[in-house]
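Examination of the molecular architecture
This is what each chain is made of:
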Amino acid sequence: MTRAKIVAGNWKMHMDLEEGKALTSEILKQLPDGGSTIILGTPFIHLATIAPMLTSHNNVVVAAQNCHQEASGAYTGEISAAMIASTGAKAVILGHSERRSYFAESDEMIYNKTKAALSQGLQPIVCVGESLELREAGEHLSFVATQLKKSLFGLSGSDFDKVVIAYEPVWAIGTGKTASPEQAQEMHAHIRKVVAEAYDSETGDKVSILYGGSVKPSNAVEIFGKPDVDGGLIGGASLNADDFIAIVKALS
Ligand code: PGA
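Quick look at the structure, then.

The rules behind each value
- Residues numbered from 1 in each chain as written.
- Predicted model: local features only at pLDDT ≥ 70, side-chain atom pairs only at ≥ 80, totals over all residues.
- Heavy atoms only, no water.
- Pairing = 2+ DSSP bridges.
- Helix = DSSP H or I, 4+ residues; strand = E, 2+ residues; numbered from the N terminus.
- Axes fitted to C-alpha atoms, helices over the stretch in contact; angles between N-to-C directions.
- Contact = heavy atoms within 4.5 Å.
- Near = heavy atom within 4 Å.
- Polar contact = N/O pair within 3.5 Å; in protein donor to acceptor, adjacent residues only side chain to side chain.
- Areas by Shrake-Rupley, 256 points an atom, 1.4 Å probe, with all protein chains shown as cover.
- 1 Å grid on protein atoms, 1.4 Å probe; cavity = no way out; pocket = protein on both sides within 12 Å on 5 of 7 lines; lining within 4 Å.
- Sits in = over half its atoms within 2 Å of the grid points.
- Nonpolar A, V, L, I, M, F, W, Y, C, P; charged D, E, K, R; others polar.
- Expected span 1.5 Å × (residues − 1).
- Buried < 20%, exposed > 50% of the residue type's maximum accessible area, 1.4 Å probe, protein only.
- Arc of directions from axis to C-beta.

So, about the sheet that holds strand β2 (residues 37-41). Ordered by their spatial adjacency, eight strands build a closed barrel running β1-β2-β3-β4-β5-β6-β7-β8, and the pairing between neighbours is parallel. The average angle at which neighbouring strand axes cross in this sheet is 25°, direction not considered. Across the sheet, helix α9 (residues 181-198) lies against β5 (123-128), β6 (164-167) and β7 (209-212), angled at about 145° from β7, the strand it touches most.

The ligand sits among 13 residues. The nearest are K12, H96, E168, G174 and S214. At a separation of 2.7 Å, an oxygen atom of the ligand approaches a polar side-chain atom of K12. Between an oxygen atom of the ligand and a main-chain N or O atom of G236, the distance comes to 2.8 Å. Alone, the ligand offers 280 Å² of accessible surface; in the complex the protein occludes 95% of this. At a threshold of 2 Å from the grid points, most atoms of the ligand map onto the second largest pocket. When the residues that make up the shell around the ligand are grouped by side-chain class, the tally is four nonpolar, seven polar and two charged.

Within the secondary structure, G235 is located in the loop between β8 (231-234) and α12 (241-251). Sequence separation of G235 and W11 is 224 residues, and the distance between their C-alpha atoms is 6.0 Å. Excluding residues that lie within four positions of it along the chain, G235 makes contacts with N10 and K12.

Moving on to helix α7 (residues 140-152). If you check α7, its first and last C-alpha atoms are 18 Å apart, about what 13 residues at 1.5 Å a residue would give, namely 18 Å. If you check which residues of α7 are buried, you get H140, V144, A145, Q147, L148, S151 and L152. The arc that holds the buried residues of α7, viewed along the axis, is 160°, so those residues lie on one side. When the buried face of α7 is taken as reference, the exposed residues oriented beyond 90 degrees from it are K149 and K150.

Shown next as structure tokens:
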């Protein structure tokens, strides 16, 4: 089973428009040939400018970091999936732990956002992951299984096939503390098993599962070397072209 290999950058709330264009140009300049898909998860304001910069690179796309679950309406300050798709963006990161904790996004909202994204042809990259307390209590596997069930398993099999899952232990995000390759592998294999139980074993085998949380050039090779890790969701290190490219190379 060959699964899509993906390196996705998550710029979070960094980079003004000029800085974002410069970072994109630098990444494209250094991009190695290879089979991986590269996703640049930028702030909304960059999407319409960066999408046309990528047209000659068929393995590089731009993604939003959130979308609203409703199609349109009186939701001041919000952005719909159709608006994102209209910029030329191809994907959207959903359910990031920062959205879940700072913006009170529930699994149910993330499910509805995933449906909204799919309805506009955007690929959802749906994040799950446990806190340190849950891991220390030995509840990480069951917690992530519940997140998956509530955020994704209402989808039809054909919709689920379009989803990418990102496992991001909350305690590893932006902390410099990476899950060990063994911890990542354990959880990725678990996620695949839970997906296979909810759908079927083929679906479990083919879903791409990215690891996120303090991935750096120095640890990427080891993490990506694990059999159930299909790439990474990269925060801090995606803001520097050299680091991001080194991580892309670690996957190929
Ligand atoms: P980090 O962030 O790589 O800076 O830990 C990852 C993420 O939040 O997606």
